[in-house]
Amino acid sequence: MRHSFNVDLRGIVDLLSRHLYSSPRVYVRELLQNAVDATTARVQADATPPGPIWIEPCEATGDGTLRIHDSGIGLTEPQVHELLATIGGSSKRDALGLARHDFLGQFGIGLLSCFLVADEIEVVTRGPGDAATVYWHGHSDGHYTVSDGPPREEQGTTVTLRARRDFEHWLGTSTVTELARHFGSLLPYEVRVGAERVTATDLPWRARYPDPEERRDVLLRHGAKLLGRRPFDVIDLAVPEAGLDGVAFVLPYESHPGEPEAHKVYLKRMLMGERVEKLLPAWAFFVRCVINADELRPTASREQLYDDDLLDETRTALGEQLRAWLVRLATTEPDRLRAFLAVHYRGVMALALHDVAMLRIVDEWIEFETSEGRITLHEFRHRHRTIHFTAASDEFAQLAGIAAAQGLALVNGGYTYHAEILQRLRLLDPDLEVRRLDQAELATRFDPLDPAAEFAAREFLGIAREAVAAHGCEPVLRTFSPAELPVLYLEGREARRAADLRAVLEEAGDVWAEFADGGGEEREEAGRSGPVLVLNHRNPLIARLTSTANARLVRLSVEALYGYALLAGQRAVRPGDAAGVNRAFLGLVEHAIHQEPDL
């Protein structure tokens with residue numbers, strides 16, 4: 001047996017108010033949408049010049065109701081049943097015989113939203129020709145009546161809302177005027193609230209001026225109202241396939257990539273929202289757009305855009321136009337490009353991850369931290385054919401001076417996008433070699449001791465090896481610059497991986513003993529290629545320490561230097577490391593108190 005759903009209109013209204021619409025204020029937008037659609041339908045049907053859409057707030061009517069009048073297509077009684085009482089069952093093309101994409105909304109769902117502020121809705125409408133006037137009276141409990149009444153003199157529709165209790169203020173003059181101007185100021189037909197006109201003459205970016213600079217200045221002032229500050233620049237946008245035109249305002253301040261988009265979007269000149277997302281590619285966070293589109297689809301709430309193929313194509317096209325603006329700026333206005341990059345370099349860096357033209361701008365214009373100071377990658381790679389980079393800024397801070405002294409070209413890749421940009425440089429320079437720095441490789445660039453000094457230090461190295469053996473570290477004696485640096489802790493990638501494994505196993509304790517036993521191969525590998533403690537024989541302290549006869553003093557000093565190297569390199573200090581450093585510190589204090597002769 002076939003059954004029909006029972007629809008609780010009060011429940012639907014509650015659902016709309018709590019989950020679909022962000023606020024009851026959208027009822028004005030829905031009323032305007034219906035009036036505009038009716039006017040559009042009549043203009044297309046009989047080429048009648050459109051009359052104004054007129055809203056009478058409750059103060060004007062004098063009976064606590066709000067009325068909105070239009071001289072649009074009007075409805076016949078069958079259309080009233082189909083469009084006003086059927087939610088989601090038909091489109092306007094079905095009822096009016098006109099192209100669906102010419103309309104802003106859907107009569108049924110639009111009128112239903114009025115129950116957010118009203119308990120009763122009355123519609124008086126007259127269709128084309130000699131059609132009879134129809135009276136439709138809907139109630140928030142889910143029933144409606146259709147009746148005859150005095151004939152309406154002109155074709156068109158009047159909608160009357162009778163406010164719900166405690167919602168009377170939503171029908172007042174100040175609120176309605178503000179909302180009508182907010183949603184409908186750019187509509188193509190005249191809209192009045194009482195005697196006040198709330199619509200503008202044209203879209204701001206379509207206005208024509210004899211001087212292009214005058215137009216630009218007007219748009220920048222418009223952008224200043226939107227952003228609170230004068231924009232850095234304004235960019236014209238157009239995507240004919242989406243019926244889209246508008247402008248993008250380049251922010252005069254930095255915007256974080258993680259911040260949500262906040263674009264102002266009109267659909268068929270009705271404001272859809274001021275915080276619309278997904279309009280632009282993710283990298284284009286340095287602009288805010290104001291656009292109008294005729295073909296893009298809104299979501300059910302009409303506060304965001306429906307993410308379909310057309311929106312995806314539109315997003316790509318708008319990204320290309322922003323990219324073209326950046327390339328043009330680099331070509332014709334380098335000083336302005338520098339000013340732009342000083343604020344928005346991260347946006348350009350994000351784009352350069354996918355676009356070679358933007359990569360070229362980054363290469364030529366953005367300075368990176370290098371072992372030779374701040375310099376553009378373009379200049380740096382013309383000085384060096386092999387470039388190393390660190391994955392972390394603290395690693396760069398530790399090794400930059402040492403790398404420079406050894407003639408090693410080093411770049412700080414620890415900032416957002418920097419490492420990825422560096423690895424893409426081969427797209428511009430195929431013969432360039434770019435690789436992440438392996439600290440173990442850095443140690444191979446240090447000079448060995450001369451044979452006599454190495455022979456004299458053999459006993460010292462033996463004691464040093466015993467001192468740091470428990471830390472899984474191998475001491476080596478080298479000479480390197482700068483001489484002020486006594487010691488350096490270096491760890492190759494394989495050694496770091498093994499150290500991470502050791503730390504996990506140590507923390508796990510007996511719980512994972514079975515798995516820890518299986519890590520013998522990794523521990524053995526770590527022993528062969530583990531971290532090294534490089535003692536700088538060029539440093540006076542280390543040179544003197546190598547000739548110290550007091551074995552205990554040497555052991556304590558080496559363990560203290562190990563802790564110093566960890567801290568200087570911003571390495572994690574494990575419990576065993578901390579215990580060794582404390583032991584060395586207390587031992588050296590005790591030695592100083594007793595004033596050993598070798599001190």
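Summarised in this report is the structure supplied together with it. (Residues numbered from 1 in each chain as written. Predicted model: local features only at pLDDT ≥ 70, side-chain atom pairs only at ≥ 80, totals over all residues. Heavy atoms only, no water.)

1. A short note on the nonpolar core
If you look at the biggest cluster of nonpolar residues, it comprises 60 residues, and the most contacted ones within it are Leu305, Leu322, Leu326, Phe340 and Ile421. At eight residues, helix H10 (residues 334-352) tops the list of elements feeding residues into this core. Ignoring sequence-local partners within four residues, the contact set of leucine 326 consists of Phe286, Leu337, Phe340, Val348, Leu351, Met358 and Ile361. Counting residues in hydrophobic clusters, the runner-up holds 56 residues, among them Cys58, Trp170, Leu179 and Leu251. (Core = buried A, V, L, I, M, F, W, Y, C linked by side-chain atoms within 4.5 Å. Buried < 20%, exposed > 50% of the residue type's maximum accessible area, 1.4 Å probe, protein only. Helix = DSSP H or I, 4+ residues; strand = E, 2+ residues; numbered from the N terminus. Contact = heavy atoms within 4.5 Å.)

2. Observations regarding the sheet that holds strand S5 (residues 144-147)
With mixed pairing, eight strands are arranged side by side in an open sheet as S5-S4-S3-S6-S2-S1-S7-S8. Either end of the sheet is taken by a strand with one partner, and the two such strands are S5 and strand S8 (196-197). Pairing between strand S3 (residues 118-126) and strand S4 (residues 133-139): seven bridges, direction antiparallel. For valine 124, the partnering residue across the bridge sits in S4 and is tyrosine 135. Of the strands in this sheet, strand S1 (53-56), strand S2 (65-70), strand S6 (156-163) and strand S7 (191-193) are in contact with helix H2 (residues 26-46), which crosses S2 at around 25°. (Pairing = 2+ DSSP bridges. Axes fitted to C-alpha atoms, helices over the stretch in contact; angles between N-to-C directions.)

3. Remarks on the pairing of strand S12 (residues 270-276)
Of all the seven residues making up S12, five are buried; the element is thus mostly covered by neighbouring parts of the structure. Looking at chain direction, strand S11 (residues 263-267) and S12 are connected through four bridges and run antiparallel. Within S12, the position partnered with leucine 267 by the bridge is methionine 270.

4. So, the packing of aromatic side chains
Tallied over the entire structure, the rule returns seven aromatic pairs. An aromatic cluster is built from Phe232, Trp283, Phe286, Trp325 and Phe340, whose rings are joined through pairwise contacts. Across the ring face of tyrosine 306, the terminal group of arginine 297 is positioned such that the distance to the ring centre comes to 4.1 Å. Residue placement shows arginine 458 over the ring face of phenylalanine 455; its charged tip is 3.7 Å from the ring centre. (Phe/Tyr/Trp six-rings, centres within 6.5 Å; stacked < 30°, edge-to-face > 60°. Lys NZ or Arg CZ within 6 Å of the ring centre and 35° of its normal.)

5. Brief notes about the sheet that holds strand S20 (residues 487-490)
Spatially, S19-S21-S20 is the arrangement adopted by the three strands of the open sheet, whose pairing is mixed. Looking at which strands have only one partner, the edges of the open sheet turn out to be strand S19 (474-478) and S20. The sheet shows a mean angle of 25° between the axes of neighbouring strands, direction not considered. Sheet contacts for helix H17 (residues 458-468): S19 and strand S21 (532-536); angle to S19, the most-contacted strand, approximately 145°. Across the face of the sheet, helix H22 (residues 551-568) comes into contact with S20 and S21 while running at roughly 65° to S20.

6. Focus on the packing of H22 against helix H23 (residues 575-594)
Here H22 crosses H23 at 130°, and the two axes come no closer than 8 Å. Comparing the axis directions of H22 and H23 gives the class oblique. When you trace H22 past H23, the crossing you get is left-handed. Every residue of H23 that contacts H22 at Arg552, Leu553, Leu556, Ser557, Glu559, Ala560, Tyr562, Gly563 and Leu566 is listed here: Asp577, Gly580, Val581, Arg583, Ala584, Gly587, Leu588, Glu590 and His591. Broken down by class, the residue content of the contact of H22 with H23 amounts to eight nonpolar, five polar and five charged. (Parallel < 35°, antiparallel > 145°, perpendicular 65-115°, else oblique. Left-handed = near helix turned anticlockwise from the far one by under 90°. Nonpolar A, V, L, I, M, F, W, Y, C, P; charged D, E, K, R; others polar.)

7. Some thoughts on H17
For H17, the full list of buried residues reads Phe460, Leu461, Ile463, Ala464, Ala467 and Val468. An end-on view of H17 places all buried positions within 165° of arc, on one side of the element. Exposed positions of H17 whose direction lies more than 90 degrees from the buried face are Arg458, Glu459 and Glu466. Lining the buried residues of H17 we find S19, S21, helix H21 (540-546) and H22. (Arc of directions from axis to C-beta.)

8. Some words on unusual backbone geometry
Residue serine 481 is joined to proline 482 through a cis peptide bond whose omega torsion reads 0°. Its place among the elements puts proline 482 in the loop between S19 and S20. One non-glycine residue with positive phi stands out, namely lysine 278, at about 65°. Within the secondary structure layout, lysine 278 lies in the loop between S12 and strand S13 (287-293). On the accessibility criterion, lysine 278 (43% relative accessible area) is partly exposed.

9. Some details on the side chain of threonine 479
Note on placement: threonine 479 falls in the loop between S19 and S20. For threonine 479, the contacting residues outside a window of four places in its chain are Phe446, Asp447, Pro448, Leu449, Asn536, His537 and Arg538.

10. Examining a nonpolar patch on the surface
Side chains of Phe585, Leu586, Val589 and Ile593 sit close together on the surface and give an oily, nonpolar patch of about 430 Å² of accessible area. With respect to the helices, strands and loops of the structure, leucine 586 is situated in helix H23. (Patch = residues over 30% accessible without salt bridge, like charges linked within 9 Å, V, L, I, M, F, W, Y side chains within 5 Å. Areas by Shrake-Rupley, 256 points an atom, 1.4 Å probe, with all protein chains shown as cover. Salt bridge = Lys/Arg side-chain N within 4 Å of Asp/Glu carboxyl O.)

11. Notes on the packing of H2 against helix H7 (residues 173-184)
Taken N-terminus to C-terminus, the directions of H2 and H7 make an angle of 60°; their axes are 9 Å apart at the nearest point. Judged by the inter-axis angle, H2 sits oblique to H7. For the pair H2 and H7, the sense of crossing is right-handed. The segment H2 lies against H7, with Val26, Tyr27, Val28, Arg29 and Leu32 engaging Val176, Leu179, Ala180, Phe183 and Gly184. Looking at the contact of H2 with H7 residue by residue, the classes come out as eight nonpolar, one polar and one charged.

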